[in-house]
Structure formats: structure tokens, C-alpha cells
Amino acid sequence: MSDKRVCSYMVTKTKTSTKTQSAAKNQPMTVADISQRIAHHLQFTQGEQVCADQKPAYWRATSLALNDIIVEKLQSTKTRQQQSEAKSVNYLSLEYLMGRLLANNLHNLDLYKNTEKALKDMGFELADLCEEGADLALGNGGLGRLAACFLDSLATLDYNAMGYGVHYQHGLFKQSFVDGHQVEAPDMWREFGSPWEICRLESSCTIPLYGYVEEIAQADGTTASIWHAGKMLKGVPWDIPIVGYNSQTVNALRLWECRADSAFDWEQFNNGDYLNAHQQQVAAETVSKALYPNDEHDAGKELRFVQQYFFSACSVQDIIARFENQYGALADSKNWSLFCDKVAIQLNDTHPTIAILELMRSLIDVRNIDWDNAWAICQKVFAYTNHTLLPEALEKWSVALFERVLPRHLAILYRINEAFLNNDVAALWPNNDDMRARLSFIEEGHERKVRMAHLCVVTAHKVNGVAQIHSDLVKQDLFPEFNQLWPTKLTNVTNGITPRRWLKACNPLLSNLLDSTIKGDWAKDLNRLSELENFADDEQFQQQFMAIKHQNKIALSKEIKSLTGVTVSPDAIFDVQIKRLHEYKRQHLNLLHIIALYRRLLADPALEMQPRVFIFGAKAAPGYQLAKEIIYATNKIADKINNDVRIQNKLKVVFLPNYRVSLAEKIIPAADVSEQISTAGKEASGTGNMKLALNGAVTIGTLDGANIEIAKEVGDDNIFIFGLTVDEVKALDTQGYNPYEYYEKNAEIRACLDWLDTDYFTPGVAGELSSIKNCFLSGGDPYKVLADFQSYADAHQALDIAYQNKKQWAKMAILNTALMGKFNSDRSIEDYVRNIWQLTVSN
Ligand SMILES: *Cc1c(COP(=O)(O)O)cnc(C)c1O
């Protein structure tokens, strides 16, 4: 019922859109205007009630009032984009880690301060109210957050863009700890409806699947393929407006919800089989029910495959419908080439790859475009972003599953593959069966599999990695043959983050200082922050900068207390590792070093050392056992350390539960140290590293992903680099890595690992943490933790000494903020626009 209400309410608002446009555009809304709008929603949409906790009602009324303004702007943006006939970019991603929307939307419309005043008069703190909003966690980690930052930048830069995603009923699970173990609960982000969504029933679409293909000989000698689908799904789009910062544009994120094609089988219903009639509906709804939580390896489940196809097909059909709406039928041959001029489709990783096959099918089977033209269109329209080199994360789907669910799509894939092998591969490597087998879309073997990435690379006109080192490795190690075939296809676009969410909105104290120090709008042009270089040695500015860090640390200390019960001192170094839990990210390297510090402190209580608080935040995929054991071990070791009076509070360890965007926004402004310690060559880019550095945290990290580019920007004096390089890791692999050598030669490593076998951290239950020791030794330590340990410990010692010099540290922190301009996601988007999408601004 609540869905319906939001829906019809929005329809009435869009009708009145033209009247009050000027209010949203040029004159900022007054406090009185805002109060009135909020009061209106309290009275009419909320039906104001007297109850103990009025915060939820005020949050909702404020959000609805703001959304009125946003929807007006969305309508005028659409009109303008249509009139300008600007090319659109369609960003296809199975994940969007949006976080909360109220504060960011207010900041982006420059309405935050006035809304704050309006609510103060009503007796509420805006910052408190913002906490009421659901955190939209429709993604796992970096890949989904990147998509969210890109949408912010596209709207800010006035590009005509649409984000496409899945309207998951449940986003990423909620995490809590019970006796140190991760416990998962469903995320109910829209249990009572979301004020930001607009249901676009008129843009629903029907998606065929299963069934068989009939080949019919044509008079002209060709064959036509008719797919008799065995089942239909219905895609219902929900739009979330994406508000540009200080710009003309509001774009949309369109999320597809899956329903059964017809809500009821009426015959069954009339026959009295009421419950069975619901079965179809229930089965269809499972397709968009939940986000898959494994971000690094896919389970190969049929439902996931159907989810990817459902999403890709809805999005492609919608892209075509929007084009035909504006420019006329695609079946008209003069519009084929126009389609390529007006539409770009970006695939965020291989998850939406089936969109390629779906566009081919739509062009050939539905619009009667011949094969060569359809293929030419696909090659011009699609581009693909690669996010990982980890072999287990490269998507492969069984041919048998493909054939059963999408028989027509598989036939199209085979034909593309044949043409590729017989033309492109045969031309460069004639009579080379080995090369054919290596590059084929089909991996032969016990179970034949489709290599999704190969279809992407062959089709796309550009393939990009997400940081320079990653893109180099994509060329050298992942797709060297494709790079030989098409030397200009593989390219780089280094990731970025939006400074609106990750500084302006999340760190108001620092933002105010920057506003009063820097000329011009740094949140739009982040390179302006380099002006701070002039203040890096200025004692007064250093004090201001560090006083803000201290305030933020006090706020985080309170949060830590309320989340974990642990008391931490804001005078200690706040050392932060926040990211998904994965062996390649090496939270267990951090943990091993913590154990070492603890041992050193017990051995020498007078040890000279700055008090340190290690702060973790991470979710483990529910099926990833070792990741869960690392969480458990960290919690157990934290417990012991935090309650050990002998170390006089010099060391604290806290694992904050339920890491997500809104928690990141609290941790990042308070961080002194940013842990970016993946095995070199394993982290494609990282974006957490950028958020932390932007907020004045100093990085301790390996030469991996964007760390390399961060080091280049801030200079070697303002970052702590340690560990093996990519080349050294490769050399070690060639030579044969043996973790036992480090265990035997390094007494500290040996003592720490042996400690894990005792019951010291888990009283009464020896061996509870032995799995961690085993993952280093008998597990073979695939991510080379032991090889990097000493270098990591030494870097930490250097960091400790640097922190003792307050002025030196302040300078380092300031320079980190000053020199992050490159990592603005606006820059990433301009790189895509120039090298991949070829868009023009639409205002
Ligand atoms: C930025 C972000 C990430 C990505 O962090 P990395 O350190 O780059 O892996 C993951 N989760 C959330 C909630 C984020 O905000």
C-alpha cells in the first residue's frame, strides 16, 4: 500500500512542475519557504500525530518537501536534455552503494543551512534527523560506491546520464557481533517505503526467458530465429533522483523490481486455488529480492544468472524505448547510426554483460536489423570497466545453464565467437588451435563455461582498468592477446570519489575551514585545495586543522563507546582499516602486527610508543569462512587487549559493527592513519584510500592500486610505503614462496603465531584461533603476509616517531588533504567523457 501512495503523490507533483521552477533554480529558498513545505507534508502526507518520538515523521516530511523541489528539477532537466539532443550515457551496474540521501541532497542544492534553521525553529537538529534515514546499501563495497560517486559527478557536470540498477528488496545484510562472531540479518531499507522513490509504471517492461528457439528458413535463403519463451517476468522501474552539486541537473537512478508478468492466474484463483495463484508472484519476486553478498567470487547460482539477465534486459529495452521515444523507430535504417551517436552504455564489471546479447537480439529479432549492422552498433555503444584480476572473480557461467535460460542469447554468443575466432584470431595467429582455445568465449572441459569477460572485451570499443597499475596489469597479464589484437582498446581511468559526500557533507568542520581559507568552490574544483600547500607550515593553520581532527575524534570516540562499550582516548592515534573483509586486503596483516605490539608492550611496559587505537570496519561475505574467522579473532584479541591494565591504555582495538557508507562518514573525518595494505597487484584501485587521505589521514600502504598515484601526488615524505612491489611479488612466486622460512627466521612472527594456538585469547578453548595461524603456514599464505610483516612493522615504527612531532604530523595531514585534487570523481568522469563516451554538456 505504501508504494502506491508514494507513487500517486509523485504524479500530482510533476503536473505542477513548471510554475515554481525559479525557486529551485536561482533564488535560494528562504527558511520560511522550507518551513512551510515541511509543515505541509507533516499535515497532509504524514497526517501529523502526537507521539513520543516525532523524529521519523519530521525526517520523512523534510525528505518529501525536498523531493518536491528535486522532482521539479528532474522534469526541467529532462526537457532540457531532450531539447539539446545530448548523447546519453547509461551506466549499468548491479550495485549502487548510495548511503543516506537527505544531507547530500540538501548540500547539493545549497539548502542545508536554511533547512537547518527551519528545523531548529521546529525544535529539531537537522544532523540528528539525517540519522533517521535508511542507508541504501544496494552494493557490496568499492564497485558499488564508485557507481554512486559517478552518478553524483555526472549530474554535477550536467551530463545526460541514467544509472540502471536492481531494486533489491534487501540490500547488503546488517552485521552484528555475538560473542565476537559475525551475525547477519536482512537489511530492510524500504520496509515502510522510501520518500525518494518514484514508481514509473508506464516504463514497465516484459522480459522473456526459458523456452526454445525455432529456426525458420526465409525466402532469401537466410534463417529467422523465433524464440518461444517459456516464462515472462515483469520489470517495474523505480527512479531515485540524483541531484547534481551546484548544477542545473537532476538525473535518475532507475532500479528494476521484478514481478510476475500477471499478478494473478485468474483461472486458478477462481477455481479456489488462491494460495497457488500467488506462487508465480512469489517466484518472480525472488529475482530482485536480495543482493548477492559475494563481491569477489560468484556462486554460479541460477537465480543470480536470471537476476543479471533480468536487469540487463530491462535496461536495454528501456534504453531503446527512450531512444525511439525521442528519435523514432530504430528499425528505420537512418536511425541505426543515430543510435550510436546518442547512446553510450558502460558496463560496470562483467555482471551486466548479457546486455550485449540482449541488444543484439532486440536489433536482429525484434527490429529486423541485419547481423553486420547490429554488431557494428553494439561495438560502438558498449564499453567495459574491469575491476579485478583475481581469477576466482572473473565471471564464468555454465553453458548448460545459459542454454536452458537464454537459448537465443547463447546462439547469438556462439555466432559472435565464431566470427571472432575465424576472422580476428585467425588473421593474427593462423592455424593456432591453442590460441583459439585460449581466446574463445567458451572454456572447454568437464563443464563447458562461458567467459563473460571475453565477450565484453571483444565487443567493447574501450576496456578500462581503474588505476594505472591495474590497467597496466590488465594489458600485461590478464588480456595480453586482446591487447595485441587491438592495441588502443585497453585503457585506464583512475577511480575517484565525490568530494561532496566525502568531505563537504561528512566533515562540516573541515569544510568550513576550507571555505574560509580557499578561494572559489573547492567542492566543485578539488584541485583548488592545493592552495593549502601555502599553509602547511603555518603554525596557526596547523593548529586549526588539528583541532578539527581532534573534535572529529571526540565525536567518533562517543560513537565507539555507544557501539562497542569500549572507551578510547581522542589523544591516541586513530588508525583505521575500513573495507570489505578479504584475504587480499590483509586485515590479518594488521592483526598480526597488533599482536606483535601487544607482546612488545607486555615485555617492556615502559616502551616508548604513542597511544594507538586500531579501528576496524568490515563485513565478511556470509559464505567466506576464513574472513569470518579473521573477524572473530580480531574481536577476541581486542577483548583481551582492551581489558589488560598492564598496557596502560597504550593500545586499544575496536571492530565497529555494520560497516556501511553512513558509518564510513563518521570514521573517515576522525582518522589519523589510513591502512591500505593489500598485496601488491591485488587491489585494483581502492577508493577508501582516497576518502581517508582527503580528510587528512596519512596512508600506510603498499605500492598497489591507486596508492601508487596517491604517493605520487603527496610525495614520499607524506606517506608510509612498505612491502613488496608487484614485480617483487611476481619474482617471489617464480622462485617459490615459503611462509615457513619467515616463521622460522623471525622470532616475533613465530611467537605471535604460536600464541594463537594457546587459549590466551579464548580462555579455556585452546585452538580457537589456530585457523588464523594455519592460513599463514599450512594454508601457504597466498597473500604473502609473512613476507611483508617486517617491512610493515618498520613502517609503523617510523609512523609512530613521525606522530611524536606534532608540527611534522600536522604538515603531513594538511598536505594529504591539499594534494587529493586528482581523485575527484569529476575528473574520472571527464576522462570517461573524453576517451570513451564522447559526450557534450546538456545545458
Ligand atoms: C569506499 C567504500 C568502500 C571501498 O573501500 P576500499 O578501501 O576501497 O575497499 C567499501 N565500503 C564502503 C561503505 C565505502 O564507503
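Residues numbered from 1 in each chain as written. Predicted model: local features only at pLDDT ≥ 70, side-chain atom pairs only at ≥ 80, totals over all residues. Heavy atoms only, no water.

Engineer: Looking at this model, I keep getting lost on the overall build of the protein chain. Mind explaining?
Structural biologist: Along the protein chain, the regular secondary structure elements total 35 helices and 25 strands. Scaling as 2.2 N^0.38, a compact globule of 843 residues should have a C-alpha radius of gyration of about 28 Å, and the protein chain matches this with 28 Å. Its C-alpha atoms give the protein chain principal-axis dimensions of about 90 × 75 × 60 Å. Looking at the 843 residues of the protein chain, the share that counts as buried comes to 60%. Accessible surface, the protein chain: about 32,300 Å² in total, of which carbon and sulfur atoms supply 50%. Positive and negative side-chain charges of the protein chain, numbering 86 and 103 respectively, have mean locations separated by a distance of 4 Å. (Helix = DSSP H or I, 4+ residues; strand = E, 2+ residues; numbered from the N terminus. Rg over C-alpha atoms; globule rule 2.2 N^0.38 Å. Buried < 20%, exposed > 50% of the residue type's maximum accessible area, 1.4 Å probe, protein only. Areas by Shrake-Rupley, 256 points an atom, 1.4 Å probe, with all protein chains shown as cover. Lys, Arg positive; Asp, Glu negative; His and termini not counted. Charge placed at Lys NZ, Arg CZ, Asp CG, Glu CD.)

Engineer: In this structure, what is going on with the site of the ligand? I would like to understand it.
Structural biologist: Residues in contact with the ligand amount to 15 residues; listed here are only the nearest, Lys 579, Lys 585, Thr 687, Gly 688 and Lys 691. Here an oxygen atom of the ligand sits 2.8 Å away from a polar atom, N or O, in the main chain of Thr 687. Taking Lys 691, its side chain carries an N or O atom lying 2.6 Å from an oxygen atom of the ligand. For the ligand, the protein covers 96% of the area, taking 390 Å² as the surface of the free molecule. Secondary-structure elements contributing two or more residues to the shell around the ligand are helix 8 (142-156) and helix 27 (688-694). Class assignment for the residues of the shell around the ligand results in 5 nonpolar, 5 polar and 5 charged. Of the domains in this structure, domain 1 (1-195 + 241-251) and domain 3 (499-725 + 772-819) are the two that each give at least three residues to the shell around the ligand. (Near = heavy atom within 4 Å. Polar contact = N/O pair within 3.5 Å; in protein donor to acceptor, adjacent residues only side chain to side chain. Nonpolar A, V, L, I, M, F, W, Y, C, P; charged D, E, K, R; others polar. Domains from an automatic or database assignment.)

Engineer: How should helix 4 (residues 55-84) be read in this particular structure?
Structural biologist: One turn of the α-helix equals 3.6 residues, which is why residues spaced by three or four share an orientation. When the terminal C-alpha atoms of helix 4 are compared, their 43 Å separation across 30 residues agrees well with the 44 Å that a helix rising 1.5 Å per residue should span. Counting buried positions along helix 4 gives 22 out of 30 residues, so the element sits mostly inside the fold. One or two residues past the end of helix 4 sits Glu 85, with phi positive at roughly 50°. (Expected span 1.5 Å × (residues − 1).)

Engineer: Got a minute to help me understand unusual backbone geometry in this structure?
Structural biologist: Negative phi characterises most residues that are not glycine, and trans characterises most peptide bonds. Backbone geometry at Asp 179 places phi at a positive 50°, although glycine is not the residue there. By the element assignment, Asp 179 lies in the loop between strand 5 (174-178) and strand 6 (181-185). A relative accessible area of 52% means that Asp 179 is categorised as exposed. Even without a glycine there, the phi angle at Gln 838 is positive, about 50°. By secondary structure assignment, the location of Gln 838 is in the segment after helix 35 (825-837).

Engineer: Please explain the pattern of salt bridges as it appears in this structure.
Structural biologist: When charged atoms on two side chains of opposite charge get close, those side chains can pair. Per the stated rule, a full pass over the model turns up 40 salt bridges. Here Lys 628 makes a salt bridge to Glu 184, at a shortest N to O gap of 2.9 Å. In this pair, Lys 628 sits in helix 25 (residues 625-642) while Glu 184 sits in strand 6, placing the two residues 444 residues apart along the sequence. Residue Lys 730 is joined to Asp 477 by a salt bridge in which the shortest nitrogen-to-oxygen separation is 3.0 Å. Note that Lys 730 is positioned in helix 29 (residues 726-735) and Asp 477 in helix 19 (residues 468-478), a separation of 253 residues in sequence. Each of Arg 200, Asp 239, Arg 254 and Asp 318 takes part in salt bridges that share partners, so that together they form one network. (Salt bridge = Lys/Arg side-chain N within 4 Å of Asp/Glu carboxyl O.)

Engineer: Would you explain the sheet that holds strand 20 (residues 573-578) in this entry?
Structural biologist: What links the strands of a sheet is backbone hydrogen bonding, and the strands pair in either a parallel or an antiparallel sense. Spatial strand order, 22-21-20-23-24-25: 6 strands in an open sheet with parallel pairing. For this open sheet the edge positions go to strand 22 (651-656) and strand 25 (720-721), each flanked by a neighbour on one side alone. Where strand 23 (residues 673-676) meets strand 24 (residues 698-701), 4 bridges bridge the pair, whose relative direction is parallel. Pairing of Ser 674 across the sheet is with Thr 699, part of strand 24. Strands strand 20, strand 21 (612-617) and strand 22 of the sheet are contacted by helix 23 (residues 539-564), whose axis makes an angle of about 70° with strand 22. Sitting on the sheet, helix 24 (residues 587-603) touches strand 20, strand 21, strand 22 and strand 23, and the angle it makes with strand 21 is about 155°. (Pairing = 2+ DSSP bridges. Contact = heavy atoms within 4.5 Å. Axes fitted to C-alpha atoms, helices over the stretch in contact; angles between N-to-C directions.)

Engineer: So what exactly am I meant to see when it comes to the nonpolar core here?
Structural biologist: As a rule of thumb, soluble globular proteins bury nonpolar side chains together. Phe 339, Phe 420 and Trp 837 are the most contacted members of the largest nonpolar core, which totals 208 residues. Counting residues per element, this core draws most heavily on helix 11 (residues 302-327), at 12 residues. Once residues lying within four places of it in the same chain are set aside, the contact partners of Trp 837 are Lys 87, Val 89, Tyr 91, Leu 154, Ala 344, Gln 346, Ile 829 and Tyr 832. Counting 69 residues, the second largest nonpolar core, distinct from the first, contains Ile 469, Tyr 737, Val 785 and Tyr 792. (Core = buried A, V, L, I, M, F, W, Y, C linked by side-chain atoms within 4.5 Å.)

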